Amino acid sequence: MDHKDMIMGSRVHGGGAEKFETGDWRSLTPVVDMSTCIDCMTCWIYCPDSCIIVENNEMVGIKLTHCKGCGICAKMCPKDAIVMKEV
């Protein structure tokens, strides 16, 4: 069904972006210095693609299969623990 066939008031269910690996076309990759990271979760809050991996309230990595390399995490990190590197 495309948009022309939808009845007014139809629902489109979201949440499917996680199923697609969109990280292979990025030109910059975030690299985390875990010794500098203070687990403030600022990167997690600002990441538009939910790529920050958190376990037990600690940042443990970045989901590179979904990360588009926008650099927001690096820009917002208060400790500069994340830097963007060319792929």
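Residues numbered from 1 in each chain as written. Predicted model: local features only at pLDDT ≥ 70, side-chain atom pairs only at ≥ 80, totals over all residues. Heavy atoms only, no water.

### Observations regarding the overall build of the chain
- For the chain, the count of helices and strands is two helices and four strands.
- The linear arrangement of helices and strands in the chain, starting from the amino end, is β-α-β-β-α-β.
- Looking at the 87 residues of the chain, the share that counts as buried comes to 26%.
- By sequence separation, contacts in the chain at least 24 residues apart represent 61% of the contacts at least 6 residues apart.
- Total accessible area on the chain stands at roughly 6600 Å², and carbon and sulfur atoms take up 54% of it. (Helix = DSSP H or I, 4+ residues; strand = E, 2+ residues; numbered from the N terminus. Buried < 20%, exposed > 50% of the residue type's maximum accessible area, 1.4 Å probe, protein only. Contact = heavy atoms within 4.5 Å. Areas by Shrake-Rupley, 256 points an atom, 1.4 Å probe, with all protein chains shown as cover.)

### Examining the nonpolar core
- Met 41, Cys 43, Cys 47, Cys 51, Ile 52, Met 59, Ile 62, Cys 67, Cys 73, Ala 74 and Ile 82 form the largest nonpolar core, which has 11 residues in total.
- Sorting the residues of this core by element identifies β3 (58-62) and α2 (72-76) as the ones contributing at least two each.
- Excluding residues that lie within four positions of it along the chain, Ile 52 makes contacts with Cys 43, Trp 44, Cys 47, Met 59, Gly 61, Ile 62 and Cys 73. (Core = buried A, V, L, I, M, F, W, Y, C linked by side-chain atoms within 4.5 Å.)

### Digging into the environment of Arg 26
- On the secondary structure map, Arg 26 appears in the segment before β1 (28-32).
- Residues Arg 26 and Lys 68, spaced 42 residues apart in sequence, show a C-alpha to C-alpha distance of 5.2 Å.
- With sequence-adjacent residues up to four places away left out, Arg 26 is seen in contact with Leu 64, Cys 67, Lys 68, Gly 69 and Val 87.
- For Arg 26, the side chain forms a polar contact with the side chain of Thr 29, separated by 3.1 Å. (Polar contact = N/O pair within 3.5 Å; in protein donor to acceptor, adjacent residues only side chain to side chain.)

### Brief notes about the environment of Ile 53
- Within the secondary structure layout, Ile 53 lies in strand β2 (residues 52-55).
- The spacing of Ile 53 and Lys 63 is 10 residues in sequence and 6.5 Å in space, taken between C-alpha atoms.
- Here Ile 53 is in contact with Glu 58, Met 59, Val 60, Gly 61, Ile 62 and Lys 63, once residues within four sequence places are set aside.

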